[in-house]
Amino acid sequence: MTQIYPRILAFLLLLPIAACSGTSTTPDPGATSTPSVLVSTVAPRQGALPAVVTAYGSVAPSEIGTRTFNEAQPGQVTRLFVSPGSAIKAGQPLATFVTAPTARSAYEQAVSALAAAQKARASTAQLLTQQLATTDQLVQADKAVSDARTSLAALRAEGAGSPTHTIMAPFAGVITAVAVAQGDRTAAGATILTVARSGGVVVTVGINPSQRGTVAIGQSASLKRLSGGGTLEGNVVRVDGALNAVTKMVDVDLSFPAGALLPGEPMQVDIRTGEVTGWVVPHAAVVTAGGNPRIFQIQGGKAKAVPVAVKLASDAGDVVDGALSPRRPLIVAGAYQVNDGDAVRSR
């Protein structure tokens, strides 16, 4: 018995050592997982997106829908009935103009000159019957009457014969500019005010000359105030055939619902010039950094790069051409974090 107790004691002492030696701190290389990138995907699809030309400008009177009033004679604007921005009706009084005394004096002199020429011609004709004047003298008298009558008609046409007259609106529209104040004296030909016809106020924008061939009259467009607010619909009504001398851009006019915008408002327009067909993908899916444009699809749990040609880039998405597979998911979020052949996992 005395020999059995030491053996049992030795066995009990060895148990903790055996237990500790059974635990390994060395990692198993085969148990380490392969790193992967977390991505989100969409299914690729064929389709079309509208081709859009975006341009900026402002609301302004159309060049063919305005009329500028001035007077051929010097004078004074004694009354103004409108101000810039006033809506007017056809036949409405706009201003009262009084011709300058010097212009009226010139007109009265022309009236007197005609009367004198007519009297001289009658006298010459009577002398001719008495053989006291020649036919040539009568011809000269006739010419003097004709010249005096022409001068008077010119002054009358220029308004010199009307001491006071009222400028009337020729059509319904809006006052876009008033160049004088009430009581101002104006020189001959000086601008007094400008009227834009209803429907003659347009949004004028500038487009790049290279885009002119894609923009045509009748195309629809979305119009948005840069100051904020909703979107309006309009149409292209004019495409200029020459560069704007100041901006070096091609001016394009667009119509909009009457009264919806005020002259001078800054605008952004998106002109829809057609459709572009191809693979429609989210804009974030097209990787352009570090080389040619490409997208990534998932094949066998790995990212596969597919070179593409971008036909249209827009906020609504991109249209691309390339050898995409319609059965492989298209990487969107995470596209810029993967390389060809990287392991990926989708959300």
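An account of the accompanying structure is given in this report. (Residues numbered from 1 in each chain as written. Predicted model: local features only at pLDDT ≥ 70, side-chain atom pairs only at ≥ 80, totals over all residues. Heavy atoms only, no water.)

With that settled, consider the packing of aromatic side chains. Per the counting criterion, the structure on display carries zero aromatic pairs. Its guanidinium or amino end placed over the ring of F171, R197 lies 4.1 Å from that ring's centre, counting from NZ or CZ. (Phe/Tyr/Trp six-rings, centres within 6.5 Å; stacked < 30°, edge-to-face > 60°. Lys NZ or Arg CZ within 6 Å of the ring centre and 35° of its normal.)

Turning next to the packing of helix 2 (residues 101–129) against helix 3 (residues 135–157). Two elements in contact, helix 2 and helix 3, have axes separated by 8 Å at closest approach and are oriented at 160°. Comparing the axis directions of helix 2 and helix 3 gives the class roughly antiparallel. Here the hand of the crossing between helix 2 and helix 3 comes out left-handed. Of helix 3, the residues touching helix 2 (which contributes A106, Y107, A110, V111, A113, L114, A117, Q118, R121, T124, A125 and L128) are T135, Q137, L138, A141, D142, A144, V145, A148, R149, L152, L155 and R156. Of the residues assigned to the contact of helix 2 with helix 3, the class counts are 16 nonpolar, four polar and four charged. (Axes fitted to C-alpha atoms, helices over the stretch in contact; angles between N-to-C directions. Helix = DSSP H or I, 4+ residues; strand = E, 2+ residues; numbered from the N terminus. Parallel < 35°, antiparallel > 145°, perpendicular 65-115°, else oblique. Left-handed = near helix turned anticlockwise from the far one by under 90°. Contact = heavy atoms within 4.5 Å. Nonpolar A, V, L, I, M, F, W, Y, C, P; charged D, E, K, R; others polar.)

Take the nonpolar core next. V203, V215, V252, L254, V269 and I271 are the most contacted members of the largest nonpolar core, which totals 22 residues. For this core, the elements supplying multiple residues, two or more each, are strand 3 (45–61), strand 12 (201–207), strand 13 (220–225), strand 14 (231–243), strand 15 (250–255) and strand 16 (266–281). When residues in this core are grouped by element, the largest group, four residues, is from strand 12. In contact with V215, not counting residues within four places along its chain, are V53, I207, V236, V239, V252, I271 and T273. Counting 16 residues, the second largest nonpolar core, distinct from the first, contains A169, F171, I192 and V195. (Core = buried A, V, L, I, M, F, W, Y, C linked by side-chain atoms within 4.5 Å. Buried < 20%, exposed > 50% of the residue type's maximum accessible area, 1.4 Å probe, protein only.)

Relative to the elements of secondary structure, Y107 occurs in helix 2. Overall, Y107 belongs to the buried group, its relative accessible area being 12%. For the pair formed by Y107 and S151, sequence separation is 44 residues and the distance between their alpha carbons is 8.9 Å. Setting aside chain neighbours within four positions, we find Y107 in contact with L152, L155, R156, A160 and G161.

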